[in-house]
Amino acid sequence: MKIRAPKKKAAWTYEREIERLIEKLPLDLLADKIREKLATKGRSLPLARRRAIAKGILRDGVRQVEITLAPGETGHDGIELADEDFRDILDRLDKFSSEQLPKLTEDLISATSPAVLSTLNRRWPRELKKDHKAMEGFRDRLYLRWGRGLDGLRMLAKIAREVGQTNSRNRLILDGTNVKLHDAFFKLHARACQVTEEIICLLSSGFADGAMARWRTLHEIATVSLVLSKGGEQLAERYLAHEIVETKKGADLYQTYSERLGQDPFTPAELDAIEREYVLALDRYGTNFRSQNGWASEYVKKGNPNFADLEIAAGVDHLRPYYKLASHNVHANPKGVLFKLGFFGDANTLLAGPSNAGLADPGHSTAISLNQISATILHFFPSFDNIIAVKVMSLLADTIGKEFLKAHKQLEQDELDRRAQTVPSRRGKRGRHKDRRKKARSKQSG
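Residues numbered from 1 in each chain as written. Predicted model: local features only at pLDDT ≥ 70, side-chain atom pairs only at ≥ 80, totals over all residues. Heavy atoms only, no water.

### What to know about the packing of helix H5 (residues 208–231) against helix H6 (residues 233–241)
At a minimum axis distance of 6 Å, the contact between H5 and H6 shows a crossing angle of 135 degrees. Accordingly, the angle class assigned to the pair H5 and H6 is oblique. In this structure, H5 contributes Val224, Val227, Leu228 and Gly231 to the contact, and H6 contributes Glu233, Leu235, Ala236 and Tyr239. (Axes fitted to C-alpha atoms, helices over the stretch in contact; angles between N-to-C directions. Helix = DSSP H or I, 4+ residues; strand = E, 2+ residues; numbered from the N terminus. Parallel < 35°, antiparallel > 145°, perpendicular 65-115°, else oblique. Contact = heavy atoms within 4.5 Å.)

Here it is in structure tokens:
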């Protein structure tokens, strides 16, 4: 059967077409069986008459049918359906369900999808314009509530970026000391500034859970930076050298799945080069170096340190509960599905887009972590200007936290007011009905 996409037909009607086809299939198969029976007697009837006869058979449950001849003909004719005829019909139904229906559905989908996509493409510019307008209005309303905190966070990010750029140029005055530590720290600081901008972008668009997930990365960057500032040049050397461990793991994983990915595998020479550098690193830094945070194994005195060990070493393990909260939005665990910062109260709806709630935790946490990593600059260059800059950032981070908290509390109050306005109106209506019933009963008794 050749399937053609109907013109000007809504996409959601195609499933109904399949359902209608399945519903009338027994009738059509019975009508076809009647055609075969009549053909043995040299007779034939139009499809409409055969369907009418089939309907009568299915309705009345008869097996012997007398067929009235057309006007002008004499006599009568009849057919009888035996058990094997009905078994044949059932076999045809089973064959259709197992063989023809999947192919029919596939053909229908293949024929319909391009037409639906073409319709969507024609309509999309108009819909996109509506989406842009709606999102602009949402962002404006979000800014009215959270603007002070967001503006403070933007200011903090700009100060941090400028301080990082200014001090990263001072490599020459290090006089050959702490070169690797300087290199590692300022690369981490630059990445922290970039992640902060990503968080601001997410917060400004109402994606609190996504912002919290990105803060998780920012917290990791700050933690590593603090550990390196305490561990010194040798630890920074191990940290930078640990890149080969990640390269080796990535190369092995890629090589395993390159064929399924449809990509060219590494050449033997490329793998050999990675392997040689990897072996040299293990020879130099020890077998514990191969673990995920193996660069810090000697510093934290643990063979296979995890990130919690790094947090303790950095002195930021008190932020562990927030890190755990942020992790829910990174992984596909049930908590990440059931709990959302963007939900307010016991919401029963599913959050599938932006929200005006939940910006306080990721906003304030971002300010704290960016301030932590930027303050580490004083480890390298404790100049008067840097001390002032770090102090300003600290004061600003506190202000940002207060502004986000203020907006959050106002949102809570607005929600309570909204619910209070909704509930009394319903109670009042019930109360008015109750008063009317009392008045009616009093008149009857009087």
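Now, onward.
### Structural notes on the nonpolar core
Judged by nonpolar contacts, the single largest core of 73 residues is most densely connected at Trp146, Leu156, Leu228, Trp295 and Ile373. Not counting residues within four places of it along the chain, the set of residues in contact with Ile373 comprises Phe185, Leu188, His189, Ala192, Ile221, Ala222 and Ser225. If you look at the next biggest cluster of nonpolar residues, it comprises 18 residues, including Leu27, Ala31, Phe96 and Leu101. (Core = buried A, V, L, I, M, F, W, Y, C linked by side-chain atoms within 4.5 Å. Buried < 20%, exposed > 50% of the residue type's maximum accessible area, 1.4 Å probe, protein only.)

### Some points on the side chain of Asp309
Examined against the element boundaries, Asp309 turns out to sit in helix H10 (residues 307–314). Beyond its immediate sequence surroundings of up to four residues, Asp309 is in contact with Val300 and Lys302.

### Side note on the packing of helix H3 (residues 83–168) against helix H4 (residues 179–204)
H4 packs onto H3 with a crossing angle of 165 degrees between their chain directions and a minimal axis gap of 9 Å. By the angle between their directions, the pair H3 and H4 is classed as roughly antiparallel. The two elements H3 and H4 meet at a crossing, and its hand is left-handed. Listed contacts from H4 to Arg139, Leu142, Leu150, Leu153, Arg154, Ala157, Ala160, Arg161, Gly164, Asn167 and Ser168 of H3 are His182, Phe186, His189, Cys193, Thr196, Glu197, Ile200, Leu203 and Ser204. For the contact of H3 with H4, the class distribution of residues is 9 nonpolar, 7 polar and 4 charged. (Left-handed = near helix turned anticlockwise from the far one by under 90°. Nonpolar A, V, L, I, M, F, W, Y, C, P; charged D, E, K, R; others polar.)

### Focus: the environment of Leu396
Tracing the chain through its elements places Leu396 in helix H14 (residues 384–445). As for Leu396 and Ile368, which are separated by 28 residues in sequence, their C-alpha atoms are 9.9 Å apart.

### Some remarks on H3
The terminal C-alpha atoms of H3 lie 91 Å apart, and with 86 residues this falls more than 12% below the ideal 128 Å at 1.5 Å per residue. Considering bend angle alone, the principal kink of H3 is centred on Trp146 and spans about 80 degrees. (Expected span 1.5 Å × (residues − 1). Bend = angle between axes of the 7 residues up to and from the residue.)

Read these as layout, nothing more, since geometry by itself doesn't imply function.
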